[in-house]
Every structure is written in C-alpha cells, then in structure tokens.
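# Per-entry structural report
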Amino acid sequence: MMIKKLFLIIILGISNISLAQNSNFIIQVNNEIITDGIIGLKLIYNVDNKKESSTDLKYVPGNLILNKKLWSKINSDSTNEIILSFNYQTFKKNKNEITNFQLSLSKNDFKRDYVIIDIYDFRNRKYKKWYQNYTDKNYLVNKVFPGSGIYPRYVD
C-alpha cells in the first residue's frame, strides 16, 4: 500500500513539472469555433532579424499548447515578431477549400487570461461587405481579450 502511495505521489509530481505551456486561445472563423480543419499550424517568429518557425504546437479549442523550448523562444528578449499561421480546410457543396490565415501575436497575448481570435473570411460575402474596408487581405483578424475593442460593422 505504501508503494502505491509513493508511486502516486511521484506521478503527480512529474505531471506538475512544466513539460508544456498552455495559452488560452479560442480560434473562430466566421463566428464558428474551429474544432477541426486546421492544417499546418505553426508559429513564425523573428529572432535577431532571422525568421524561424516551429510546428511544435497543438491547438485544442481553448488551448494553444506550446512546448517548453518554444515558450522560452517566445519570451526571449531577442524575439520581436510572432505570427500564427495555419491552413483552414472546409467543405462546401462537395468541394474542398483551403485558405491560409496568418495573424500577428504579441508576447502579451500568450500571457492574457484568454484571447478569442475572430477571423472573418471574405469568401463569405456577408463578412466581406461588413469588414473589407479595414484590410487589404482576404480576411480580417480581430483579437478579443479583456479590455480590447472590436471592429464595427459597415452598414449601408
């Protein structure tokens, strides 16, 4: 019985050692939380004016999971630009469509209580009509976190 308790304490102690860091991110496309369809998720970061990328991250709705090495790169003083990039796959009218989204993140975004990333894909005419005046891209990214603002809709 004592060995079982000791084994349980060791397991719990190991699980508390930080092997990965979670950041509270929710990614939405056209007001729908993405639960699947993300392909090629990666972070592109600029360290001492050299672009590096990492695919050592995972997304589960509500959590962006980073390994310890990537977390230390993000928090490094030499890292000055962070971009989250992924392909989003959808099926519409029996047709497979893939779009690439890239969004800038700050170091503070990884430390916030939560970040909701709203992406408005302009392939949907409704969102193009509402938000196309804010960007030259084919999509608009709005990061929502405590104290942030939102883009007002354009209504004619």
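These numbers come from a predicted model, not from an experiment.

### Topic: the sheet that holds strand β10 (residues 115-121)
One open sheet holds the 4 strands; their spatial order is β3-β2-β10-β11, and the pairing between them is mixed. Each of the sheet's edge strands pairs with one partner strand only, and the pair in question is β3 (32-33) and β11 (139-144). Where β10 and β11 come together, 6 bridges link them in antiparallel fashion. In the strand pairing of β11, I117 is matched with K143.

### Re the sheet that holds strand β8 (residues 79-92)
Taken together, 4 strands build an open sheet; the order of strands is β5-β4-β8-β9 and the sheet is antiparallel. A strand with exactly one partner marks an edge of an open sheet, and here the two such strands are β5 (50-54) and β9 (95-105). On average, adjacent strands in this sheet sit at an angle of 20° to one another, irrespective of strand direction. One ladder, built from 11 bridges, connects β8 with β9; its direction is antiparallel. Counterpart to F86 in the pairing with β9 is F101. Strands β4 (38-47), β5 and β8 of the sheet are contacted by helix α2 (residues 68-75), whose axis makes an angle of about 45° with β4.

### Section: the pattern of salt bridges
It is possible for side chains of opposite charge to pair when their charged atoms get near one another. In this structure the tally under the stated criterion is 5 salt bridges. R112 is the partner of D109 in a salt bridge, and the nearest nitrogen-oxygen pair spans 3.0 Å. Given a relative accessible area of 1%, D109 falls into the buried group. One salt-bridge network, in which partners are shared between bridges, spans E97, D121 and R123.

### Examining the pairing of strand β2 (residues 25-29)
Counting buried positions over the 5 residues of β2 gives 4, a clear majority of the element. The pairing of β2 with β10 spans 5 bridges and is parallel. When the sheet's bridge partners are listed, V29 is paired in β10 with I119. As defined by bridge partners, β2 adjoins β3 across 2 bridges and the pair is classed as antiparallel. In the sheet register, V29 faces β3, and the bridge partner there is E32.

Reading the values: rules and limits
- Residues numbered from 1 in each chain as written.
- Predicted model: local features only at pLDDT ≥ 70, side-chain atom pairs only at ≥ 80, totals over all residues.
- Heavy atoms only, no water.
- Pairing = 2+ DSSP bridges.
- Helix = DSSP H or I, 4+ residues; strand = E, 2+ residues; numbered from the N terminus.
- Axes fitted to C-alpha atoms, helices over the stretch in contact; angles between N-to-C directions.
- Contact = heavy atoms within 4.5 Å.
- Salt bridge = Lys/Arg side-chain N within 4 Å of Asp/Glu carboxyl O.
- Buried < 20%, exposed > 50% of the residue type's maximum accessible area, 1.4 Å probe, protein only.

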